[in-house]
Amino acid sequence: MTAQDAVTPEKILQMGFGFWASKTLLSAVELGLFTELAKGAADAETLRTRLRLHPRAARDFFDALVALGMLERQDGRYRNTAASGAFLDRAKASYVGGLLEMANARLYGFWGSLTEALRSGQPQNEAKTGESFFHKLYQDPEKLKVFAKAMTAVSFGPALAIAAKFPWTRYKTFADIGTAEGGLPVHLARAHPHLTGIGFDLPPVQPVFEAFVAANGLSQRLSFRGGDFLMDALPPGEVYVMGHILHGFGLEDKLAILRRALAALPAGGALIVYDSIIDDERRENALGLLMSLNMLIETPAGYDYTGADCIGWMRETGFRDMRAEHLAGPASMVVGFK
Ligand SMILES: C[S@@+](CC[C@H](N)C(=O)[O-])C[C@H]1O[C@@H](n2cnc3c(N)ncnc32)[C@H](O)[C@@H]1O
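Residues numbered from 1 in each chain as written. Predicted model: local features only at pLDDT ≥ 70, side-chain atom pairs only at ≥ 80, totals over all residues. Heavy atoms only, no water.

Chemist: Which residues make up the packing of aromatic side chains, and what are the values?
Modeler: A complete count under the given rule lists 13 aromatic pairs for this structure. Each ring, one from Y303 and one from W313, has its centre 6.3 Å from the other, and the planes form 80°; the classification is edge-to-face. Linking Y303 in the loop between α16 (286-298) and α17 (307-317) with W313 in helix α17, this pair joins segments that are 10 residues apart in sequence. By relative accessible area, Y303 is classed as partly exposed at 26%. With a relative accessible area of 10%, W313 lands in the buried category. The lysine or arginine in question, K254, covers the ring of Y303, its NZ or CZ lying 3.6 Å from the ring centre. (Phe/Tyr/Trp six-rings, centres within 6.5 Å; stacked < 30°, edge-to-face > 60°. Helix = DSSP H or I, 4+ residues; strand = E, 2+ residues; numbered from the N terminus. Buried < 20%, exposed > 50% of the residue type's maximum accessible area, 1.4 Å probe, protein only. Lys NZ or Arg CZ within 6 Å of the ring centre and 35° of its normal.)

Now the structure itself:
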């Protein structure tokens, strides 16, 4: 066989029709299929009836999920895989489906306008009708809760790595700027009993933060401070953490946020920035690059960045001794000191 014979369109077609598989999974999450199967294995007809599906395509839908590796089928009965049972059952604390529910309800449709966004440079989400993402989301306490929980799931790996990779013994206090539910503060407080911390976020987030911290028995060491990090005083802390914050803003606001952090930190304090940081060559971290396109869809000026970009901005604002370090999956951090 010549090298030319080996060239096939398979990968191209698979990627081009990738939305078939993606939407099949998102609809299964929306319908609560994995939550239903977590209660016990079921045959096609039982599952179809419980999910209130039309008979026409129910079996194809279930078997497609088998072929995609999201379900198992034995003797005509469907059950969750180890992963779908752990992460897609709404009744479990490890549920990551909140993020997929959000992707299904919002991003799946908005990404249909990617070409328009690339041409116009304009966001394609709720902002198109004049509303900001967090403003719209936080009008509904249930959606706020689902979003904040989803952030805890997304940041699970990076938070464990930050707890392990930063020299926390040198510090006593920290503040998580844009904390959501408080997933990172809870990991840090559990891993380092000498630390106390503050979760800083927009005021509507307070009840979900406080409930999560209380459920983890950490209310004595972790507290909430409400405010807007673009305008209000930042909370006290020797170390600031900013996870998935800077990528939501254009350069001017990125620099303004870094300057505000530098001004508020004590001498010797540290800033940890983490995101799906793009590799410096901009050719490997596909998720970081796609996340940046997602910021095009979601924000007026946001974009993701490389470690070298972030180190440059931190140097420009006056931080010193910066280093970039991989955390988990697509996430990396940049650390700098005052
Ligand atoms: C993408 S989430 C990141 C959550 C968490 N840091 C993580 O990485 O898992 C962004 C968070 O920043 C908060 N946020 C957005 N704009 C803010 C602002 N201007 N001031 C304070 N918090 C803000 C949001 O409410 C949300 O909880």
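Chemist: Residue-level account of the domain arrangement of the protein chain, with values.
Modeler: Each assigned domain of the protein chain is listed with its residue range as follows: domain 1 (3-87) and domain 2 (150-282 + 301-337). Using C-alpha coordinates to define each centre, domain 1 is positioned 37 Å away from domain 2. (Domains from an automatic or database assignment.)

Chemist: Got a sec to walk through the nonpolar core? Specific residues and values, please.
Modeler: Core analysis: the largest hydrophobic core is formed by 39 residues, its most contacted members being I162, F166, W168, L188, V239 and I272. Setting aside chain neighbours within four positions, we find W168 in contact with I162, A163, F174, L188, H192, H194, L195, V239, V241 and I272. With 28 residues, the next largest nonpolar core counts I177, L234, I257 and V273 among its residues. (Core = buried A, V, L, I, M, F, W, Y, C linked by side-chain atoms within 4.5 Å. Contact = heavy atoms within 4.5 Å.)

Chemist: Talk me through the site of the ligand; I want residue IDs and the actual numbers.
Modeler: Inspection of the region around the ligand gives 15 residues, with Y138, S155, G178, D201 and H244 positioned closest. Between S155 and the ligand, the recorded distance is 2.6 Å, taken from a side-chain N or O atom to an oxygen atom. Residue D201 places a side-chain N or O atom 2.6 Å away from an oxygen atom belonging to the ligand. For the ligand, whose free accessible area comes to 590 Å², the fraction covered by protein is 92%. Class assignment of the residues belonging to the shell around the ligand gives a composition of eight nonpolar, five polar and two charged. (Near = heavy atom within 4 Å. Polar contact = N/O pair within 3.5 Å; in protein donor to acceptor, adjacent residues only side chain to side chain. Areas by Shrake-Rupley, 256 points an atom, 1.4 Å probe, with all protein chains shown as cover. Nonpolar A, V, L, I, M, F, W, Y, C, P; charged D, E, K, R; others polar.)

Chemist: Help me get a handle on unusual backbone geometry, residues and values and all.
Modeler: One non-glycine residue, R282, lies in the positive phi region at around 55°. One non-glycine residue with positive phi stands out, namely D321, at about 55°. Tracing the backbone through its elements, the reader meets D321 in strand β9 (residues 320-328).

Chemist: Report on the environment of V273, specifying residues and quantitative values.
Modeler: Along the chain, the position of V273 falls in strand β8 (residues 270-275). What makes V273 buried here is its relative accessible area of 0%. Residues within four places of V273 in sequence aside, it is in contact with M242, L246, L258, Y305, C310, M314, S332, M333 and V334.

Chemist: Explain the packing of helix α15 (residues 251-264) against α17 to me, using residue names and the numbers behind them.
Modeler: Remark: α15 packs on α17, axes separated minimally by 9 Å, with the N-to-C direction vectors making an angle of 55°. The pairing of α15 with α17 is recorded here as oblique in orientation. As for the relative orientation of α15 and α17, their crossing is right-handed in sense. Contacts between α15 and α17 involve L251, K254, L255, L258, R259 and L262 from the former and W313, M314, E316 and T317 from the latter. Residue classes in the contact of α15 with α17 are distributed as six nonpolar, one polar and three charged. (Axes fitted to C-alpha atoms, helices over the stretch in contact; angles between N-to-C directions. Parallel < 35°, antiparallel > 145°, perpendicular 65-115°, else oblique. Left-handed = near helix turned anticlockwise from the far one by under 90°.)

Chemist: I'd like a description of the pairing of β8, backed by residues and values.
Modeler: Judged by how many residues are buried, β8 sits mostly within the fold: six of six residues are covered. Alternating residues of β8 divide into A270, I272 and Y274 and L271, V273 and D275, and every residue in both groups is buried. Summarising the sheet, strand β7 (residues 239-243) and β8 pair through five bridges and their orientation is parallel. Bridge assignment links G243 to a residue of β8, and that residue is Y274. (Pairing = 2+ DSSP bridges.)

Chemist: Tell me about the layout of surface pockets, and name the residues and values.
Modeler: Put simply, the second largest pocket is a space of about 560 Å³. Every residue lining the second largest pocket is counted, 24 residues in all, and those nearest its centre are A93, S94, Y95, K149 and T152. Elements that contribute at least two residues to the lining of the second largest pocket include exactly α8 (97-110), α11 (141-154) and α13 (183-191). The element contributing the most residues to the lining of the second largest pocket is α11, with seven residues. (1 Å grid on protein atoms, 1.4 Å probe; cavity = no way out; pocket = protein on both sides within 12 Å on 5 of 7 lines; lining within 4 Å. Points joined across faces, edges and corners; volume = space filled by probe spheres on them.)

Chemist: Go over the pattern of salt bridges, please, and point to the residues and values.
Modeler: One pass over the full model with this rule turns up 13 salt bridges. Among the ionic pairs, E325 bridges to K165, the shortest N-O distance being 4.0 Å. Of this pair, E325 sits in strand β9 while K165 sits in helix α12 (residues 156-165), placing them 160 residues apart in sequence. On the basis of relative accessible area, E325 is assigned to the partly exposed category, the value being 24%. One connected set of salt bridges, linked through shared partners, spans E36, K39 and R50. (Salt bridge = Lys/Arg side-chain N within 4 Å of Asp/Glu carboxyl O.)

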